[in-house]
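Listed below are the residues making up each chain.
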Amino acid sequence: MSETTLTGGALPITIRDATKSYGAVFALDNVDLDVRSGEFMTLLGPSGSGKTTLLMVLAGFTRPDYGSVKFGEREIVRTPPHKRDVGMVFQNYALFPHMSVAANVAFPLKLRGVSKQEMVERTEQALETVQLAGYGERRIDQLSGGQRQRVALARAIVFEPRILLMDEPLSALDKKLREQMQIELRRLHDKLGMTTVYVTHDQREALTMSDRIAVINHGRVMQLGTPEEIYERPANRFVADFIGESTFLPVTVQQGVARFGDQSLKVAQMPEAGEDLLLMLRPERLQLITNDSEAADGEANRFEARVREMVYQGDSFLMYTVLENGTEISLRGMTRRDTVSTLPAIGDVIQLALHRDDTVLISAEEP
Amino acid sequence: MGREKRYSGQSRRAILSRTGIAAVAVAFAAGGLASGATAADKVTVASWGGSYQKAQSEALFKPAAKATGINVTEETYGGMSDVRLKVKAGAMTWDIVASGSGSASRAGAEGLLEPLDYDVIDVSTFYPTLKMKYCVGGDVFSTVYAWNTATYGDKGPQNWADFWDVEKFPGKRAYRGKVAGALEPALMADGVPPEKVYEVLSTEEGMERAINKIRELKPHIAVWWSSGAQHAQLMKDGEVDMTTGWNGRFDVAIDDGAKAAYSFNQALLDYDCFAIPKGAPNKDTAMKFLAEISKAEYQANLPNYITYGPTNKKAYEIGKIDDAVARKLPSHPDNASLQLPVDIDWYAKFEQKASAMYQDLVTE
Amino acid sequence: MSDLVLRSAGSLATQPNQTELKQDALRERFALFGLCSPALLLVLIIMVLPVGWLFWLSFLGEDGNFTLENYQRMVESKSYARIFRNTFEVSLLTTGICILIGYPLAYFLSQLPRRAANLCMITVLLPFWTSLLVRTYAWLVLLQRRGLINEWGMDIGLWDEPIKLVHNLTGTLIGMVHIMLPFLILPVYGSMKAIDRDYMKAAANLGASPAQAFWRVFFPLSLPGLFAGALIVFVLCLGFFVTPAVLGGGKVIMVSMRIATNIELFFNWGAASALGVVLLVLTLVILGIASRVLRFDQLLGGGHGS
C-alpha cells in the first residue's frame with residue numbers, strides 16, 4: 001500500500017512583528033513566532049484572541065499592516081494565497097458541493113497540471129491515507145461530518161504541501177469522534193512530517209496533539225512552550241487560568257520567602273521578579289490528608305479547610321472547600337473505591353496538602 | 001321624480017364576459033313628464049367607454065332619454081365577441097350595442113343581431129351608405145393621410161400617389177398594422193379610381209396587387225401603428241413624416257400643438273353604428289330609442305364633444321353646428337364627396353382572407 | 001412465517017392503544033389534507049380549469065362546432081410561423097442580454113458590504129414600483145427619432161443622423177431587458193449570497209487564481225440561481241404584450257399581440273385560444289429539451305468526479 005508522503009521536506013515558518021489592527025483593536029500585536037520544520041504547533045486562545053487572524057495571515061487571506069512571514073527562506077507576506085502552496089483545512093471544511101469527493105481531492109492537482117493518470121493515482125492515495133478509499137464517487141452531501149473532515153484533509157495534503165494549516169477542524173464533530181480524530185491527525189502528522197499550524201480554542205485538544213503550543217490573547221503570544229511547560233509552568237495568570245482549572249491565592253514575599261497569610265510556603269521555584277505573586281492551585285494536585293503519617297511529609301504545604309459541597313462526575317469527584325480566610329478552593333480526586341470510602345462529610349474540617357513541586361507561584365500582574 | 005341613479009342588474013353569466021365588469025350605470029328618467037312613454041320603458045346600452053362613450057352619452061343618450069322618458073342604463077363592453085357569448089348563452093342583457101360598421105355587418109350575418117325596422121327609424125335624410133340591415137350609423141369618421149408640416153410645409157401630399165412617392169416626399173411613413181383601411185389607399189396610389197377600388201379588391205389578384213403596392217413602400221414604413229393614440233403621438237413627436245390615421249385623432253393632436261395637417265381627399269369614409277342584439281329584453285323600446293337618437297337634432301350635438309360627424313345629413317341643415325366646425329367633419333357634404341365610403345360587404349366577405357395576406361406581408 | 005403470523009396476531013390483540021394511535025395518525029393526515037384543500041381548489045380554479053377551457057375553445061369554429069381550422073390556419077399562413085419564431089427569438093435575446101448584464105451586476109452586488117448592497121438592491125428593484133406602461137413610454141421618449149438620446153448624441157456630435165433606436169427590435173429589446181432585469185438579478189443574487197466565501201478561499205488556497213476560482217467554483221455554484229432567473233425571464237418574455245407593442249413599431253410581433261388581433265378579427269375565441277395552446281405546448285417542449293440538455297438536477301446536486 002502506497003501512501004502520500006512528503007517529498008520536498010517540511011519548511012520552518014518565521015513570523016516577525018506581524019501586526020494587524022481593526023480600528024483601535026489589535027488582532028495581532030507585533031507577533032514574533034518561530035515554527036520549527038516538521039513541528040505540530042498549536043495556536044491556542046479564546047475567541048477574538050487573534051489566533052485565527054494569525055492563521056489567515058499565514059494562508060494569505062488576511063494582509064497584515066506590517067511584519068514579515070517567511071516559509072523557509074522565502075518571504076511570503078505579499079504572496080497571494082494561491083501561490084503560497086500551503087495546505088489548509090477549514091473549520092467548515094469548505095468542500096465544493098458541486099464536485100464529487102474525488103473531484104474535490106483532485107482539484108489542487110488539476111490546477112497544477114498533473115497528468116490525468118497521476119491525478120487519479122494520487123487522489124486514490126490521499127483518500128487511502130485518510131481511510132476513505134473507494135469513496136471517490138460519493139457526493140459531498142452523502143458524507144457524514146467525520147468523513148467530510150477526512151476529505152478536507154485529503155484535499156489539503158494531496159498536493160504535498162510543506163506546510164499544513166488547520167482552522168479548528170474538529171470543532172463540528174461530537175466529543176467522541178473529536179477525540180478519536182485528534183489521535184488520528186497526530187499520527188498522520190507524524191507520518192507525513194509537514195510543518196503543521198493548528199488553531200483551536202480547546203485546551204485539551206491542544207495539549208493532546210501539539211509539539212508546542214503558542215497561547216495567544218489580545219493579539220500577543222502569552223506563552224510558547226511544550227504542553228507540559230504550558231500546563232505545569234504557566235508564564236502568567238492568563239495562561240494558568242485558560243489552561244486547566246485553577247484557584248489563585250494571593251502570596252507575599254518577605255526576605256525571599258513566599259507567604260500565604262501567616263504561612264510560609266515551600267515552593268518549587270521562586271519567580272524572578274515581582275512583589276505581587278499568586279499561588280496557583282490545581283484541583284487535581286491537592287491531596288486530602290486522612291491520617292497523621294501522610295501529613296508528616298515535610299515536602300508538602302498544608303491548608304485547613306471546611307467541606308462545603310461535593311460533586312460526583314463519574315471518573316472523578318470535585319470537592320468544594322472554604323479556607324479559614326473565606327477563599328474557596330476545590331479539590332479533585334479519582335473515584336477509586338479506597339479514596340471514596342474515606343471521604344469526609346459536608347461540614348467537616350479537613351487538611352489539604354500540596355507538594356512543593358506543585359506549589360507554583362506566578363506573577364499577579366497582567367502581561 | 002327628478003334624476004334617478006341605479007345600477008344595472010347583471011346576470012350571473014355576465015361574469016363570463018370580460019367586459020361586463022365595470023358597468024357604471026347612469027339612468028335618466030323624466031318621469032311622467034315625458035310623452036308617449038310609460039315609466040316602465042327602459043333600455044340598456046353598451047358602448048366602448050372612455051371619451052367616446054362620454055360624447056355619445058352627452059350628445060345622444062341623455063337628451064333622448066329626457067325627451068322620450070325611456071330609462072337608459074349604460075354599460076361598457078368589449079365588442080361583438082361579448083355579444084356572441086351572451087347570445088350563445090341565451091342571456092342577453094343589452095338592448096343596444098355600439099359597434100364598428102364592419103364588425104356589425106359580420107355579426108349581423110352570423111345572426112347575432114336583430115334586423116332594424118326602418119319604418120320606425122327614419123333614415124330618409126341619412127347618407128345612404130351609413131346604415132345597413134342590422135345597424136344604423138351613429139357617427140362618421142375618416143381614415144386620412146396626415147403629414148408633418150415642418151417637413152413638407154404647405155406642399156403636403158395631395159393624394160395617395162403622393163403618399164407613396166418617396167422621391168417627391170422623402171421621409172418616414174407610418175401605416176396601419178391591421179388590414180382594415182390599409183388596402184384601399186394602396187390601390188388608389190396604384191392608379192385605381194376610387195369607385196373601382198372594391199371591385200378590384202374582390203379578386204385575389206386585386207388583393208395581391210394592393211399588397212404588392214404596400215410592399216413597395218415597406219422600406220419606408222418606420223412604424224406599423226396599432227391605435228389611434230399611437231398614430232397621433234407619432235405625428236406629434238415627429239417620429240414619422242407621414243402616416244395614415246383617423247381624422248379626429250389628428251385634430252386633437254393639432255390642437256395640442258402638433259405640426260401636422262391632413263386631407264379628406266381620397267380618404268376612407270367609415271362609420272360607427274348602433275345595433276340591437278338578438279334576444280334583447282326590450283327590443284321594441286330599443287327600436288324607438290334608436291329612432292330618437294338618429295334624429296338630426298341629436299346628431300348635431302355630437303361635434304360638440306368629439307370631432308366625428310353626424311350620419312344624418314340634415315344635422316348640418318338645422319343650424320345647430322357651427323360652420324367652421326362643420327367644415328372639419330368627415331361627413332360634411334363637401335368633405336364626404338371627396339372620399340371613398342368603406343364597403344362593409346367587402347369586409348364581411350374578404351377581411352379574414354385579406355388579413356392573413358396582410359400579416360404575411362407585415363411579418364416578412 | 002409462523003413467527004410473523006404470531007407477531008401480527010399478537011400485535012392486533014395485545015399492543016396497547018395500537019388501533020387508536022393508527023386512527024389518530026389517519027385522522028391527522030385527513031386534517032392536513034383538509035387544510036390543503038382550499039389551496040388545491042384555488043389551483044384547480046385559477047390554473048387547471050382556464051387552461052382546459054382554452055384548450056377546448058381552440059377546437060371550436062365560428063359556428064361552435066368541433067374543427068381543426070384554428071390550427072390549420074396557423075400552418076397555412078406564413079405569418080404565424082414567423083410570429084412564433086419572432087416570439088422565441090425576442091425572448092431568447094432578452095434572456096441572453098439579461099444574463100450578460102444581470103449576472104455581473106448581481107456578482108458586483110453580492111461582493112458589496114451588506115448595507116451598500118441593500119442600497120443598490122433598492123435601485124435595482126425601484127422600477128418595480130413604477131407602472132410597466134410608464135417605463136415603456138419613458139423609453140419611447142428617450143429613444144425615438146427626436147428623443148433625448150438622439151438629440152444629445154447629435155448635439156455632442158457623436159452621430160449626424162438620428163439612429164433608429166425604437167420601433168424595431170433594438171427598442172423592444174432595450175425596453176424588455178430593462179423590465180426583466182430584476183427578475184434575473186434577484187435569484188442570481190440570492191444564489192450568490194448563499195455561496196460560502198470559504199469556498200473561494202479554499203479554491204485560492206488549493207492554488208486557483210481568482211479567475212480559476214471564479215469559473216471552477218463560484219460560477220458553477222451560482223448556476224441554479226442563474227437558471228432559475230433565466231427561466232423566469234424567458235417565460236415572462238414569451239407572454240409579453242405592452243413593451244413590444246409600444247416599442248416594436250409593429251415590426252416586432254409577438255404571439256400575445258396576434259392573440260389580441262385574432263380576437264377582433266375572428267369574433268371567436270377559438271382562433272386566439274389555438275395560439276395560446278401552441279405557445280404553451282412549444283414552451284413546454286423547449287423547457288423539456290432544455291432540462292434534458294442542461295440536466296437541471298445535476299446542476300443542483302454534485303457534478304461527477306475527475
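Since this is a predicted model, take the numbers as computed values, not measurements.

Turning our attention to the overall build of chain B. Within chain B, the regular secondary structure consists of 15 helices and 11 strands. A burial count over chain B gives 55% of its 364 residues as buried. Across chain B, the fraction of contacts at a sequence separation of at least 24, relative to all contacts at a separation of at least 6, is 73%.

Our next topic: the overall build of chain C. Secondary structure assignment for chain C yields 14 helices and 0 strands. Computed over C-alpha atoms, the radius of gyration of chain C comes to 27 Å, more than 25% over the 19 Å expected from 2.2 N^0.38 for 306 residues, which places it beyond the range of a compact globule. Projected onto its principal axes, the C-alpha coordinates of chain C cover approximately 95 × 70 × 40 Å. Every one of the 306 residues in chain C was classed for burial, and the buried ones make up 32%. Here the analysis covers contacts within chain C between residues at least 6 apart in sequence; of these, 73% occur between residues at least 24 apart.

Before going further, it helps to spend a moment on the sheet that holds strand E6 (residues 87-89) of chain A. One key point about sheets: their strands pair by backbone hydrogen bonds, in either a parallel or an antiparallel sense. Residue and element names in this part refer to chain A. Pairing is mixed in the open sheet, where 6 strands are placed in the order E6-E7-E8-E3-E9-E10. Of all strands in the sheet, those bounded by a partner on one side alone are E6 and strand E10 (220-225). Between one strand axis and the next, the sheet turns through 15° on average, direction left out of account. Inspection of the sheet shows E6 paired to strand E7 (residues 163-167) by 3 bridges, in the parallel sense.

To continue, consider helix H6 (residues 132-143) of chain C. Residue and element names in this part refer to chain C. Across its 12 residues, H6 extends 17 Å between first and last C-alpha, which sits within 8% of the 16 Å expected from 1.5 Å per residue. Looking only at H6, the buried set comprises Thr 136, Trp 139, Leu 140 and Leu 143. Looking down the long axis of H6, one finds its buried residues gathered within 105° of arc, a one-sided arrangement. For H6, the elements touching its buried residues are helix H7 (148-156), helix H8 (169-193) and helix H11 (242-247).

This next bit is on the interface of chain A and chain C. In this assembly, 28 residues from chain A lie in contact with 21 residues from chain C. Broken down by secondary-structure element, the contributors of at least two residues to the side of chain A that touches chain C are helix H2 (101-111) and helix H3 (116-129) of chain A. A total of 6 residues in the side of chain A that touches chain C trace back to one element, the largest contributor, which is H2(A). Considering only residue class, the side of chain A that touches chain C consists of 19 nonpolar, 5 polar and 4 charged.

Residues and elements named next belong to chain B. In terms of domain boundaries, chain B breaks down into domain 1 (12-140 + 271-336) and domain 2 (141-270 + 340-363). Domain 1 and domain 2 are separated by 28 Å when their C-alpha centres are compared. Residue-level contacts link 17 residues of domain 1 with 16 residues of domain 2. Those elements that place two or more of their residues in the side of domain 1 that touches domain 2 are helix H3 (101-110), strand E6 (135-148) and helix H14 (333-336). For the side of domain 1 that touches domain 2, the element with the highest residue contribution is H3, accounting for 5 residues. Of the residues in the side of domain 1 that touches domain 2, the class split is 8 nonpolar, 6 polar and 3 charged.

What follows deals with the sheet that holds strand E17 (residues 316-323) of chain A. Residues and elements named next belong to chain A. Spatial ordering of the open sheet is given by E15-E19-E16-E17-E18, a layout of 5 strands whose pairing is antiparallel. Edge positions in the open sheet fall to strand E15 (286-289) and strand E18 (328-334), since each of these has one partner strand only. Averaged over all pairs of adjacent strands, the angle between strand axes in this sheet comes to 45°, irrespective of strand direction. Pairing between E15 and strand E19 (residues 349-355): 4 bridges, direction antiparallel. Looking at E19, one finds that Ile 289 is bridged to Gln 351.

This part covers the arrangement of the chains. Counting contacts across all 2 pairs of chains that touch, the top pair turns out to be chains A and C. When C-alpha atoms are compared, chain A and chain B, though not in contact, are closest at a spacing of 45 Å.

Bringing the interface of chain B and chain C into the picture now. On the side of chain C, 22 residues touch chain B, which itself brings 24 residues to the contact. Elements with a contribution of two residues or more to the side of chain B that touches chain C: helix H2 (80-89), strand E8 (221-225) and helix H15 (344-363) of chain B. If one sorts the elements of the side of chain B that touches chain C by residue count, H15(B) sits on top with 8 residues. The residue makeup of the side of chain B that touches chain C, split by class, is 7 nonpolar, 9 polar and 8 charged.

Residues and elements named next belong to chain B. In terms of burial, strand E10 (residues 260-277) is a largely internal element, 15 of the 18 residues being buried. Pairing of strand E3 (residues 96-100) with E10, which is carried by 4 bridges, proceeds in the antiparallel orientation. Paired with Val 97 across the strands is Ala 275, a residue of E10. Taken together, the 2 bridges between strand E4 (residues 113-114) and E10 define a ladder with antiparallel strand orientation. When the sheet's bridge partners are listed, Glu 114 is paired in E10 with Ile 276. Sheet topology places E6 next to E10; 12 bridges connect them, and they run antiparallel. Across the sheet, Thr 143 pairs through a bridge with Leu 268, a residue of E10. Pairing geometry for E10 and strand E11 (residues 340-341), over 2 bridges, is parallel. If you follow Leu 269 over to E11, its bridge partner there is Pro 341.

What counts and how
- Residues numbered from 1 in each chain as written.
- Chains lettered and ligands numbered in written order.
- Predicted model: local features only at pLDDT ≥ 70, side-chain atom pairs only at ≥ 80, totals over all residues.
- Helix = DSSP H or I, 4+ residues; strand = E, 2+ residues; numbered from the N terminus.
- Buried ≥ 20, exposed ≤ 12 C-beta atoms within 10 Å, placed from the backbone.
- Contact = placed C-beta atoms within 7 Å.
- Rg over C-alpha atoms; globule rule 2.2 N^0.38 Å.
- Pairing = 2+ DSSP bridges.
- Axes fitted to C-alpha atoms, helices over the stretch in contact; angles between N-to-C directions.
- Expected span 1.5 Å × (residues − 1).
- Arc of directions from axis to C-beta.
- Nonpolar A, V, L, I, M, F, W, Y, C, P; charged D, E, K, R; others polar.
- Domains from an automatic or database assignment.

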